[in-house]
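Report on the structure
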Amino acid sequence: MTAAHQITAGFMPLFDSAVLVAAGELGFAAREGIELTLHRETSWANIRDRIAIGHFHLAHMLGPMPLACSLGLTPIASETIVPFSLSLGGNCVTVSNVVWDGMAAHGAEPDLDPARAGAALGALIRGRATTGSEPLRFAVVHPHSGHNYELRYWLAACGIDPERDIEIVIVPPPFMADALAAGRIDGYCVGEPWNSAAVAAGIGHIVTVKALLWRNSPEKVVGVRKAWAEENPEALAALLRALHHSARWCQDPANHAELAALMAGPGFLGLPAAVQMPILTGRLKLGGGAERAIPDFFVPFDKAANFPWKSHALWFYTQMVRWGQLAHTPANLAIAWNCYRPDLYRSALKPLGVALPGANAKVEGALKAGTPVGSAGASLVLGPDGFFDGQIFDPDEIEAYIAGQKHADSLAQ
């Protein structure tokens, strides 16, 4: 039987592509009448460009990337929307063993505490500056990535100027560990399994994680060409239902061994299944024999993980403004607001009777514990969602938030 809808999607070899991969490989898409063709890419730039020129209908994308595409920050501007989030969390900051030894000498502990690790890194950086050493070089996966913004947020909150005190370069995720081993970089922020791969190889140490920098925070999304979405509403709705069922399956611990084996395949991550398990269990080997269990390290379904919150889009927008990638204007703010599309999510999933949040945006950082919230359909629990430095992001007070960041950064210089 010929599938009713043929959809072509790109993805990067990262574990947080799992919901999209499982939808195609385990039959969730086929059951919704979709023939889903997946293409593995080697860089986020390829993903960005291929969706812009129409090679892909949609793709596994960095949360801020659709905003960048729609705001004209990319080589080929393209209106790209987000009707579905693939996961929360999943990233780590990993440093070389030499840098870790230096941090440990300044009080760092293998406990992933962002404030303690940041203070130790700052002391190391200041000490190196007095000896005329070259600045440490950290890699992120793309300029318009959660990795770039969360690394900068962490450093700035710990008194380290990411523009002056270190160098930030771009390295594709699969090459991070090799670049660290070769001494080309001193650390990086990337999604799993490329942190655990460095630890397993004995060349790196995980110093903190996204799930502690900003708890239950957004990471990868499904980015869709807006023109295609408008021309194919039934196909998109069917795909969103398939992704919903896939995400629920991925969240279930009973399926984790099968999921890890799937993602270990040569067409996906090409790493042993054992290297995939830390992201699923939340138990990470940090290096040097240390281990730590992190609650909500990677969340593919629970806590409204798949809902495309407009407040997530607007926080990314504030970071683009903060780091000089974009001017804050009413027109740019409107584009950012319209990029994430909870209306499409609601329309596709309402017939299933699933939990749908009662709002399109929320105050980020306010929930200290899991909190039941108003929802249509099933019951819904959100959070905790705190930032490690105690900050709050209220999307209704975006002017004050941007001004506060600008003031804090000016004081740090």
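Refer to the structure above for everything that follows.
A brief report on the enclosed structure follows.

About the cut-offs
- Within every chain, residues take consecutive numbers counted from 1 along the sequence as written.
- Side-chain atom pairs in this predicted model are given and counted only at pLDDT of 80 or more, local residue features only at pLDDT of at least 70, and totals for whole chains, interfaces and linings cover all residues.
- With hydrogens and water stripped out, all remaining heavy atoms of the structure feed into the side-chain values.
- Lines fitted to C-alpha atoms define the axes, with helix axes restricted to the stretch in contact, and inter-axis angles between N-to-C directions lie between 0 and 180 degrees.
- Secondary structure follows DSSP: runs of H or I at least 4 residues long count as helices, runs of E at least 2 residues long count as strands, and numbering of each begins at the N terminus.
- Note that the term roughly parallel is reserved for angles under 35 degrees, roughly antiparallel for angles over 145, roughly perpendicular for angles of 65 to 115, and oblique for everything else.
- Any two residues whose heavy atoms approach within 4.5 Å at even a single point are treated as in contact.
- Residues are grouped as follows: Ala, Val, Leu, Ile, Met, Phe, Trp, Tyr, Cys and Pro are nonpolar; Asp, Glu, Lys and Arg are charged; all remaining types, including Gly, are polar.
- What makes two strands pair is DSSP finding at least two bridges between them.

To describe two helices that pack against each other, one gives the angle between their axes and the distance between the axes. Orientation of helix H1 (residues 18-25) relative to helix H12 (residues 233-251), taken along the N-to-C sense of each, is 110°, at an axis distance of 8 Å. With respect to H12, the element H1 is oriented roughly perpendicular. Contacts from Ala-18, Val-19, Leu-20, Ala-22 and Ala-23 of H1 reach H12 at Ala-242, Leu-243, Ser-246, Ala-247 and Cys-250. Across the contact of H1 with H12, the residue classes tally to nine nonpolar, one polar and no charged.

It is worth spelling out the sheet that holds strand E3 (residues 58-62) at this point. Taken together, the five strands give an open sheet; going across it, the order is E2-E1-E3-E11-E4, and neighbouring strands pair in mixed fashion. Two strands close off the open sheet at either side, each with one partner strand: strand E2 (34-40) and strand E4 (80-85). Pairwise comparison of adjacent strand axes, ignoring direction, gives a mean angle of 35° for this sheet. In this fold helix H3 (residues 44-52) packs onto strand E1 (5-11), E3 and strand E11 (220-225), with an angle of close to 140° to the strand it touches most, E3.

A few words on the side chain of His-312. When you line up the elements, His-312 lands in helix H15 (residues 310-322). Aside from chain neighbours lying at most four places away, what touches His-312 is Leu-88, Trp-214, Pro-218, Tyr-340, Lys-362 and Glu-364.

Let us now look at the sheet that holds strand E7 (residues 137-140). Taken together, five strands build an open sheet; the order of strands is E8-E7-E9-E6-E10 and the sheet is mixed. Looking at which strands have only one partner, the edges of the open sheet turn out to be strand E8 (167-170) and strand E10 (204-209). Averaged over all neighbouring strand pairs, the angle between strand axes comes to 30°, with direction disregarded. The pairing of strand E6 (residues 91-96) with strand E9 (residues 187-191) spans five bridges and is classified as antiparallel. The residue bridging Val-93 from the neighbouring strand is Cys-189, located in E9. Across the sheet, helix H7 (residues 146-157) is in contact with E6, E7, E8, E9 and E10; its angle to E9 comes to roughly 130°.

Quick look at unusual backbone geometry now. Of note, the bond from Glu-192 into Pro-193 is cis; its omega dihedral lies within 30 degrees of zero at 15°. For Leu-112, which is not glycine, the phi torsion reads 70° and is therefore positive. Structurally, the position occupied by Leu-112 is in the loop between helix H5 (97-105) and helix H6 (114-130). Phi is positive for Asn-216, which is not a glycine, with a value near 45°. Here Asn-216 lies in the loop between helix H10 (210-213) and E11.

Honestly, it's all geometry; don't read function into it.
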